[in-house]
Amino acid sequence: MSLKEKINIAKLPKHIAIIMDGNGRWAKQQGEDRIFGHEHGVKSVRACVEAAAEVGVKYLTIYTFSTENWNRPQEEVIAIMQLLVHTISGEVESLHKNGVRLQAIGDLDSLPKDCVEELQMGIERTKDNTRLTLVLALSYSSRWEITNAVQKIAKQIENKTLSANSINEQTINAALCTADMPEPELMIRTSGEHRISNFLLWQLAYAELYFTDKLWPDFGKEELYEAILDYQNRERRFGKTSEQLIS
Ligand code: IPE
Ligand code: IPE
Ligand code: MG
């Protein structure tokens, strides 16, 4: 039986979040420069989008560029932004044909103009698709997002549309970039690093974390299926005991 056939469709995570990591090390192993790794990383994104859509995952969020990544050497930042523009413009039609809706979270105003324009066109073109939502986290970090959310809530209090006592989890959820999305049940990080790197800190509160040594350009459909199967073998207790879950 193939890995894909082993997946229990009834227990599928609705939302998978991925920290794609290891492009630079992968390139170094090939004796190439870092951007070569990023270029090859695009193939892995394509493979994961296809695999997620094929099994019926509804949301796939990919950490594409973090707030902290602006501190990389300028030539790498520029090359990543150019790669983003080309990739989005080259992929939108195929995403659309496959029923994929494109969305983005992060400080999009900080991205180069051509990048934002390409992104907005892609988002608009695919907005009615319902098979899979692909969310690119761009110029994103969780602390940026939470700071932003606190400002939004504070403004509502300031103009008296909200009282401090009525703030609850829903208020906070609604102020985040992910307001309309389900929480990720599975978070995957490649390249052997075991950290969250400022990604979806609030939303990952109860996600199952999956780490693999594979470098991102080596991560494909089979690897995604493997991660889903691993997730399906976990017991998600949400604070309860095992016995409570059985009864
Ligand atoms: C992930 O690969 C891609 C981005 C962060 C844009 P890296 O570029 O972080 O690769 P390593 O971690 O240096 O190998
Ligand atoms: C996290 O990867 C950001 C993205 C995948 C876009 P990094 O490679 O930048 O993370 P750290 O800094 O090593 O934790
Ligand atoms: Mg890295």
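Residues numbered from 1 in each chain as written. Chains lettered and ligands numbered in written order. Predicted model: local features only at pLDDT ≥ 70, side-chain atom pairs only at ≥ 80, totals over all residues. Heavy atoms only, no water.

**Q** Where do I start with the overall build of the protein in this structure?
**A** Check the secondary structure of the protein and you find nine helices and six strands. Taking 2.2 N^0.38 as the reference for a compact globule, 247 residues should give roughly 18 Å; the C-alpha atoms of the protein span a radius of gyration of 19 Å, in line with that estimate. When its C-alpha atoms are laid out on the principal axes, the protein stretches across 55 × 50 × 35 Å. Of all 247 residues assigned to the protein, the portion counted as buried reaches 46%. Restricting the contact set of the protein to residue pairs at least 6 apart, pairs at least 24 apart contribute 78%. (Helix = DSSP H or I, 4+ residues; strand = E, 2+ residues; numbered from the N terminus. Rg over C-alpha atoms; globule rule 2.2 N^0.38 Å. Buried < 20%, exposed > 50% of the residue type's maximum accessible area, 1.4 Å probe, protein only. Contact = heavy atoms within 4.5 Å.)

**Q** Is there a simple way to think about a nonpolar patch on the surface in this case?
**A** Taken together, the side chains of I146, V150 and L201 define a hydrophobic patch exposed on the protein surface, amounting to about 230 Å² of accessible area. For V150, the position within the fold is in helix α6 (residues 142-158). V150 sits in the exposed class, given a relative accessible area of 51%. (Patch = residues over 30% accessible without salt bridge, like charges linked within 9 Å, V, L, I, M, F, W, Y side chains within 5 Å. Areas by Shrake-Rupley, 256 points an atom, 1.4 Å probe, with all protein chains shown as cover. Salt bridge = Lys/Arg side-chain N within 4 Å of Asp/Glu carboxyl O.)

**Q** Sorry, what's going on with the side chain of T61 here?
**A** Mapped onto the elements, T61 comes out in strand β2 (residues 59-66). Every residue in contact with T61, bar those within four places of it in the chain, is listed here: H15, I16, A17, I18, I105, V135, F199 and L200.

**Q** Whenever I open this one, the environment of S191 confuses me. Can you help?
**A** Inspection of the secondary structure puts S191 in the loop between β5 (186-189) and β6 (208-211). Sequence-wise, S191 and E226 are 35 residues apart; in three dimensions their C-alpha atoms are separated by 15 Å. Every residue in contact with S191, bar those within four places of it in the chain, is listed here: D21, G22, R25, T212, D213, K214 and L215.

**Q** How should the pattern of salt bridges be read in this particular structure?
**A** Any two side chains of opposite charge can pair, given that their charged atoms come close. For the structure on display, the rule yields 18 salt bridges. Shared partners join several salt bridges into a network, and the residues in it are D21, R25, R189, E193 and R195.

**Q** Mind showing me how you'd approach the environment of S142 here?
**A** For S142, the location among the structural elements is in helix α6. Under the relative-accessibility criterion, S142 is labelled buried at 0%. For the pair formed by S142 and W202, sequence separation is 60 residues and the distance between their alpha carbons is 7.7 Å. Residues contacting S142, with those up to four places away along its chain left out, are N198, F199, L200, L201 and W202. A distance of 2.7 Å separates a polar side-chain atom of S142 from the backbone nitrogen of L201. (Polar contact = N/O pair within 3.5 Å; in protein donor to acceptor, adjacent residues only side chain to side chain.)

**Q** Is there a simple way to explain the site of ligand 1 in this structure?
**A** Taken together, M20, D21, G22, N23, G24, R25, R34, H38, T64, N69, R72 and I80 are the residues near ligand 1. Residue R34 places a side-chain N or O atom 2.8 Å away from an oxygen atom belonging to ligand 1. Contact between ligand 1 and R72: an oxygen atom at 2.7 Å from a side-chain N or O atom of the residue. About the coverage of ligand 1: the protein hides 87% of its 380 Å² of free accessible area. In the shell around ligand 1, the residues fall into two nonpolar, six polar and four charged. (Near = heavy atom within 4 Å. Nonpolar A, V, L, I, M, F, W, Y, C, P; charged D, E, K, R; others polar.)

**Q** Please clarify how the site of ligand 2 should be interpreted in this entry.
**A** Neighbouring ligand 2 are I19, M20, D21, Y63, T64, F65, S66, N69, R72, R189, R195 and S197. Contact between ligand 2 and R72: an oxygen atom at 3.2 Å from a side-chain N or O atom of the residue. Separating an oxygen atom of ligand 2 from a side-chain N or O atom of S197 is a distance of 2.5 Å. With the chains in place, 79% of the 390 Å² that ligand 2 exposes on its own is no longer accessible. Considering each element in turn, the shell around ligand 2 owes the most residues, four residues, to β2.

**Q** Looking at this structure, how should I read the packing of aromatic side chains?
**A** For any pair of aromatic rings, the description consists of the separation of the ring centres together with the inter-plane angle of the planes. What the rule picks out here adds up to seven aromatic pairs. Relative to F199, the ring of Y63 has its centre 4.3 Å away and its plane inclined at 10°; by these criteria the two rings are stacked. Of the two residues, Y63 sits in strand β2 while F199 sits in the loop between β5 and β6, which places them 136 residues apart along the sequence. Aromatic side chains F65 and W70 sit 4.9 Å apart centroid to centroid with 75° between the ring planes, which places their arrangement in the edge-to-face category. Here F65 falls in the buried class, since its relative accessible area comes to 0%. Note on W70: relative accessible area 30%, which makes it partly exposed. (Phe/Tyr/Trp six-rings, centres within 6.5 Å; stacked < 30°, edge-to-face > 60°.)

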